[in-house]
Amino acid sequence: MPLPAPLTSLPWLLPRGASLYAHRIDALLTLSLTILLGFFLLGQVLLLAGFFLPAQTTARLSPAYRWALLLALVALFVWMTARAEHLWMETQMTPTDANALHVEVTGAQFQWYFRYAGADGIFGQTRLELADAAAGNPLGIDPADPHGADDIVSAVLVLPAGRAVDLQLHSLDVIHGFFAPNLRIKMNAVPGRTTDLHVTPTVLGDYPIVCSQVCGLGHYRMHAVLRVVSPQEFARWMAQQAAAQSTPSEQP
Ligand SMILES: [Cu+2]
């Protein structure tokens, strides 16, 4: 069941939405904030009324009336939660799109790494004991696995507009929070397990990626760039990365 169009857009409150579901998440947020603002204002009015009206003029509510108010509040909050859960199920709990681009996102103190499977479409095995950023293998890709030979590891997350993306989140050390505000996605990267995020970027541009979990002293500088490009530009970028990888980076 589709949600109605946004009550208002919040350009002064939210960064520009750049993904398929951004406007629906914004609509839900706007609705929730509007309802809560209404309750806040009602609370202030009742507080002032309690201060300034004589005690005998404050009408006493019958128990039945109080129960009805309580149940109405409960129903409202259940409805708000159900809408939010429904949107979450629809955007995240559905099977991964068959044509989705799979990108592995790895958080490490204090850097994001993005791995693409390369021409064979299969990620090479990684082994934590092989992870060595100084040696040019920050993710520990096992050289014994041929699938890893064409894997592309980048410090920039480049995504084609209009294509479903499955981000597989990992962490090499502590819990990091992958947060791309413009795509309206945020998920923890937890050591020892994979968490999935589904998103379809739609608007070309460069956007920030940050870490939303305080993950150590360098947390403040743990950010990266998300670049949403056209499918043609994405194909060019992948080809460039593959060529750069097959060319030795250091001449003897
Ligand atoms: Cu972090």
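Remember, predicted model here, so these are calculated numbers, not experimental data.

Undergrad: Outline the layout of surface pockets, supporting the account with residue identities and numerical values.
TA: Approximately 470 Å³ is the volume found for the largest pocket. In terms of lining residues, the largest pocket is bounded by 24 residues, among which Ile25, Trp88, Arg184, Ile185 and Lys186 are the most central. Among the secondary structure elements, those contributing two or more residues to the lining of the largest pocket are α1 (22-52), α2 (63-92), β7 (185-189) and β8 (195-199). Considered class by class, the residues forming the lining of the largest pocket number 15 nonpolar, six polar and three charged. There are two domains that each give the lining of the largest pocket at least three residues, and those are domain 1 (22-92) and domain 2 (101-246).

Undergrad: Kindly report on the sheet that holds β7, identifying the contributing residues and their values.
TA: Read across the open sheet, the five strands follow the order β4-β10-β9-β6-β7; overall the sheet is mixed. This sheet does not close on itself; its edge strands, each paired only once, are β4 (156-160) and β7. Neighbour-to-neighbour, the strand axes of the sheet open up by a mean angle of 20°, direction not taken into account. Pairing geometry for strand β6 (residues 176-180) and β7, over five bridges, is antiparallel. The residue bridging Gly177 from the neighbouring strand is Asn188, located in β7.

Undergrad: Describe the sheet that holds β8, and please don't skip the residues or the numbers.
TA: The pairing of strands in a sheet comes from backbone hydrogen bonds and takes either a parallel or an antiparallel form. In space, the five strands of this open sheet follow the order β3-β2-β1-β5-β8, with mixed pairing throughout. Edge strands, defined here as strands with exactly one partner in the open sheet, are β3 (152-154) and β8. Adjacent strand axes in the sheet meet at a mean angle of 25° when their direction is disregarded. One ladder, built from seven bridges, connects strand β1 (residues 101-108) with strand β5 (residues 165-171); its direction is parallel. For Val105, the partnering residue across the bridge sits in β5 and is Leu169. Here helix α3 (residues 231-246) sits on the sheet and contacts β1, β2 (111-116) and β3; the angle it forms with β3, its principal contact strand, is near 105°.

Conventions used here
- Residues numbered from 1 in each chain as written.
- Predicted model: local features only at pLDDT ≥ 70, side-chain atom pairs only at ≥ 80, totals over all residues.
- Heavy atoms only, no water.
- 1 Å grid on protein atoms, 1.4 Å probe; cavity = no way out; pocket = protein on both sides within 12 Å on 5 of 7 lines; lining within 4 Å.
- Points joined across faces, edges and corners; volume = space filled by probe spheres on them.
- Helix = DSSP H or I, 4+ residues; strand = E, 2+ residues; numbered from the N terminus.
- Nonpolar A, V, L, I, M, F, W, Y, C, P; charged D, E, K, R; others polar.
- Domains from an automatic or database assignment.
- Pairing = 2+ DSSP bridges.
- Axes fitted to C-alpha atoms, helices over the stretch in contact; angles between N-to-C directions.
- Contact = heavy atoms within 4.5 Å.

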